[in-house]
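# Tertiary structure, described
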2 protein chains.
Amino acid sequence: MKFVLTGATGFVGAHLHKYLQAQGHLVATIGRGFSQSEMIKTLQETKPDVVIHLASCFIAEHKSSDVDNLIQSNILFGSQLLEAMKITDCRTLINTGSTWQQYKGIRNNPACLYAATKNAFEEILKYYVSAENFNHITLKLVDSYGPEDKRGKLVSKLIESLVTGQCFELSPGEQKIDLVHINDIVKAYEVASSTLVQTSHKSLNTTFTLSTGQAISIRDIVRIIENISNQKLNVTFGAREYRKREMMDSEVLDPILPNWSALITLQAGLKGLIYGH
Amino acid sequence: MKFVLTGATGFVGAHLHKYLQAQGHLVATIGRGFSQSEMIKTLQETKPDVVIHLASCFIAEHKSSDVDNLIQSNILFGSQLLEAMKITDCRTLINTGSTWQQYKGIRNNPACLYAATKNAFEEILKYYVSAENFNHITLKLVDSYGPEDKRGKLVSKLIESLVTGQCFELSPGEQKIDLVHINDIVKAYEVASSTLVQTSHKSLNTTFTLSTGQAISIRDIVRIIENISNQKLNVTFGAREYRKREMMDSEVLDPILPNWSALITLQAGLKGLIYGH
């Protein structure tokens, strides 16, 4: 298949780029700095079967100065992409959502402004679906982890602390997160792409969650890492407060992507990270 | 009451500005060029009871070069406004919606990209309502008309054609529009403001439509103008096609604003425009 990918420099994007190429697919990328005409040029030259939109600016707790960047990155960039797709008649898209868009398990109840911009973009997308016959799947991501993660997220920080012995200050840690290994996530994008291409004439427009079906508390994750490594982690629970609107649980509102499941257990995934294989 | 108003140079905004001042209210304005810090300054100096957000960029059929302007005007500007309101602890807002957001009477089914940006902004607003305890009413406008209308809309063009005798080319004209006189509309904003201020502790967050309850076809509007003026209008029906997603009817999905109704009949309103009183 032929793909155009946005967000190829991010954690998921970089892994996906590598994976799709390894599977023999052709992948072109559209970067944040692209003008609409540069987007059009890339789409015209690649003629992708599917456009995968991963680019986003994630900020859990925004400052007032972040508003501009959040809107530009998460709404304007994607809208320019949709318009460029319309012009070049590439109407098949995989969009990326987040369970942060459904705080407390309520649909369209964003946990933070980042999540609100994701909801907002989906309203723009609805126009292109309804007026311009776009086909799309939105893949709602829960929590991801894996090698070469430079996002400063929990798992990589815990494993870093395991190596350095440096103290890592945590919230009380009762929040449950649903960790999906990056190797499972990239496969989901390939499965969703095949589904879209095969059913495009039936106009598939829906959202699927990439969930393991099992959310685990941060306290339990720490325990699992300690068990695997046979080492005590230098963490202090309760050293910092929960975020204002902390995601305390990971509820699955949209069905799990058909023909896909998370195959890498947390045990295996963490073991791989700790022992570097 | 004290108001901060956006979109004060537009048709509804200019009339509302004049009306609120005539009613003895204090009105400050925030213009499109305002930075976030200028917004904050205006809000801090005015300490408004209610912020009325009217500013918007309306484009019925967008070109690709319009995407940037639509997102900046209809999403970014409003988001900066909400953030400035949060910072200054002004949490009472009247937002302005449009029945174009509900093409064919289906909620969140935008007739055009403009309407999609309105839906998108409401997703941003939901965050401030849910996370920052904003109170708001969204007033969904149908079609407006009245004196000093420079928008080039149907009614003013018909009356212009009545004076000049110049030919006016129309679509087949079977689409029904719900025309509300500007003097009724400005009153609705005052009623909604009182409602919000009185019930702010109960956290009112809802949408009301400003409808006459009666949609009339363009063909009938032409007939009414001809009857009032006792003059034949130089119009050609069918000279141009319907828009791609023409709003053929004006369905009311959200309740009409309580304690308000459109008092000026179309007969009276048009008579006023034709005879200039």
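Structure: see above.
Residues numbered from 1 in each chain as written. Chains lettered and ligands numbered in written order. Predicted model: local features only at pLDDT ≥ 70, side-chain atom pairs only at ≥ 80, totals over all residues. Heavy atoms only, no water.

### A look at the overall build of chain A
In terms of regular secondary structure, chain A is built from eight helices and 12 strands. The C-alpha radius of gyration computed for chain A amounts to 19 Å, which stays within 12% of the reference 19 Å derived for 277 residues, consistent with globular compactness. For chain A, the spread of C-alpha atoms along the three principal axes comes to 55 × 40 × 30 Å. Considering only contacts within chain A whose residues lie at least 6 apart along the sequence, 82% involve residues at least 24 apart. Here chain A displays about 11800 Å² of accessible surface, and carbon together with sulfur accounts for 48% of that area. Side chains of chain A give 28 positive and 27 negative charges; the mean places of these two sets differ by 1 Å. (Helix = DSSP H or I, 4+ residues; strand = E, 2+ residues; numbered from the N terminus. Rg over C-alpha atoms; globule rule 2.2 N^0.38 Å. Contact = heavy atoms within 4.5 Å. Areas by Shrake-Rupley, 256 points an atom, 1.4 Å probe, with all protein chains shown as cover. Lys, Arg positive; Asp, Glu negative; His and termini not counted. Charge placed at Lys NZ, Arg CZ, Asp CG, Glu CD.)

### Observations concerning the relation of the copies chain B and chain A
With an RMSD of 0.0 Å, chain B superimposes on chain A once it is rotated by 180 degrees and translated 0.0 Å along the axis. What the rotation and shift describe, once combined, is the action of a two-fold rotation axis. The position closest to the rotation axis in chain B is occupied by the C-alpha of B:Ala120, lying 2.0 Å away. Comparing interface residues between copies, 100% of those in chain B also lie at the interface in chain A; the contact surface is shared. (Least-squares fit on C-alpha atoms with pLDDT ≥ 70 in both.)

### Section: the interface of chain B and chain A
Taken together, the contacts link 35 residues of chain B with 35 residues of chain A. Around 2700 Å² of area is buried between chain B and chain A when both sides are counted, 57% of it from carbon and sulfur atoms. For chain B, the biggest contributors to the area lost against chain A are B:Ser64, B:Glu123 and B:Tyr127; these three give 20% of the whole. On the surface where chain B and chain A come into contact, there are two salt bridges. As a salt-bridge pair, B:Glu132 and A:Lys244 come within 2.7 Å of each other at their nearest N and O atoms. Scanning the region where chain B abuts chain A turns up 17 residue pairs in polar contact (both at pLDDT 80 or more). For the side of chain B that touches chain A, the secondary structure elements donating two or more residues are α3 (67-87) and α4 (113-132) of chain B. If one sorts the elements of the side of chain B that touches chain A by residue count, α4(B) sits on top with 13 residues. The class makeup of the residues in the side of chain B that touches chain A is 15 nonpolar, 11 polar and nine charged. (Buried area = accessible area lost by both parts, 1.4 Å probe. Salt bridge = Lys/Arg side-chain N within 4 Å of Asp/Glu carboxyl O. Polar contact = N/O pair within 3.5 Å; in protein donor to acceptor, adjacent residues only side chain to side chain. Nonpolar A, V, L, I, M, F, W, Y, C, P; charged D, E, K, R; others polar.)

### Regarding the nonpolar core
Residues A:Leu82, A:Met85, A:Ile124, B:Leu82, B:Met85 and B:Ile124 are the most contacted members of the largest nonpolar core, which totals 81 residues. Here this core takes 12 residues from α4(B), the largest share from any one element. Judged by nonpolar contacts, the second largest core, of 30 residues, contains A:Phe3, A:Leu139, A:Val142 and A:Val180. (Core = buried A, V, L, I, M, F, W, Y, C linked by side-chain atoms within 4.5 Å. Buried < 20%, exposed > 50% of the residue type's maximum accessible area, 1.4 Å probe, protein only.)

### Some words on the sheet that holds strand β2 (residues 26-30) of chain B
Residues and elements named next belong to chain B. Pairing is parallel across the open sheet formed by six strands, whose spatial order is β2-β1-β3-β4-β5-β10. One side of each edge strand has no neighbouring strand; the edge strands of this open sheet are β2 and β10 (205-210). This sheet shows a mean twist of 20 degrees between the axes of neighbouring strands, independent of strand direction. Judged from the three bridges that link them, strand β3 (residues 50-53) and strand β4 (residues 92-98) form a sheet pairing that is parallel. Each residue of the ladder has a partner; that of Ile-52, found in β4, is Ile-94. Relative to the sheet, α3 contacts β1 (2-6), β2, β3 and β4, its axis offset from that of β3 by approximately 175 degrees. Where α4 meets the sheet, its contacts fall on β3, β4, β5 (135-141) and β10, and the angle it forms with β4 comes to roughly 155 degrees. (Pairing = 2+ DSSP bridges. Axes fitted to C-alpha atoms, helices over the stretch in contact; angles between N-to-C directions.)

### Overview of the pattern of salt bridges
All names here are of chain A. Tallied over the full model, the rule gives 29 salt bridges over all chains. A salt bridge links Glu-246 to Arg-243; the shortest N-O distance between them is 3.3 Å. Exposure remark for Arg-243: the relative accessible area of 27% places this residue in the partly exposed category.

### Things to note about the side chain of A:Thr199
Residues and elements named next belong to chain A. By the secondary structure assignment, Thr-199 is in helix α6 (residues 182-199). Look at Thr-199 and you get buried, because its relative accessible area is 16%. Looking at Thr-199, its side chain comes within polar contact range of the main-chain oxygen of Thr-195, at 2.6 Å.

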